[in-house]
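Topology and contacts: notes
Below, each chain spelled out in residue letters.
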Amino acid sequence: MIISAVLFLVFQRNYELSSIVKSPDNEYTLEIYTEKKSWHIGFSSQIAYCKAYVVLKNDKGETISKPACTFIIGDLKIKWELDKGIVHFTQLNHIDIHKRTALCL
């Protein structure tokens, strides 16, 4: 029991708000959270390989969708299709604003 608690504390993933992107019409905000690593092995930066997730909020700060999937921050590609009610956050993953659902592949 103690060993599993220690392993959980050592290997748990902590995320922090990395950036905020406003929609072109300023009605929505996409918050990007990236994995916070306290240690790093290697000589080069591995920021492009950190895990991330997004949260979509309306202009009142209310959460519209928080997809259950994570992705590699290097795959982040935001594309707003407001006429269709969709915001893409990677090439394959998107949030349907009106249905408040997310497609995560």
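Reading the values: the criteria
- Residues numbered from 1 in each chain as written.
- Predicted model: local features only at pLDDT ≥ 70, side-chain atom pairs only at ≥ 80, totals over all residues.
- Heavy atoms only, no water.
- Buried < 20%, exposed > 50% of the residue type's maximum accessible area, 1.4 Å probe, protein only.
- Helix = DSSP H or I, 4+ residues; strand = E, 2+ residues; numbered from the N terminus.
- Pairing = 2+ DSSP bridges.
- Core = buried A, V, L, I, M, F, W, Y, C linked by side-chain atoms within 4.5 Å.
- Contact = heavy atoms within 4.5 Å.
- Phe/Tyr/Trp six-rings, centres within 6.5 Å; stacked < 30°, edge-to-face > 60°.

A word on the pairing of strand β3 (residues 51–58). Of all 8 residues in β3, 7 are buried, a share of seventy percent or more. Pairing of strand β2 (residues 28–36) with β3 involves 7 bridges; the strand directions are antiparallel. Bridged to Y28 within β3 is N58. Two strands pair when backbone bridges link them, and β3 and strand β5 (residues 71–72) are joined in this way by 2 bridges, in the antiparallel orientation. Paired with K51 across the two strands is I72, which belongs to β5. Two strands pair when backbone bridges link them, and β3 and strand β4 (residues 63–65) are joined in this way by 2 bridges, in the antiparallel orientation.

It is worth spelling out the nonpolar core at this point. Membership of the largest hydrophobic core comes to 16 residues, with the highest contact counts inside it found for L30, V54, L56, F89 and I95. Look past the residues within four positions of V54 in its chain and what remains in contact with it is L30, E31, I32, S65, K66, P67, F71, F89 and I95.

The tally for this structure, following the rule as stated, stands at 3 aromatic pairs. Summarising the aromatic geometry, the rings of Y15 and Y53 are spaced 5.2 Å apart at their centres and angled 70° between planes, so their arrangement reads as edge-to-face. Pair noted here: Y15 is in strand β1 (residues 14–22) and Y53 is in strand β3, with a separation of 38 residues, a long-range link. By relative accessible area, Y15 is classed as partly exposed at 25%. Here Y53 falls in the buried class, since its relative accessible area comes to 16%. Ring centres of Y33 and Y53 lie 5.0 Å apart, and the angle between their planes is 10°; on these two criteria the pair is classed as stacked. Taken together, the positions of Y33 in strand β2 and Y53 in strand β3 put the pair 20 residues apart, joining distant regions of the chain.

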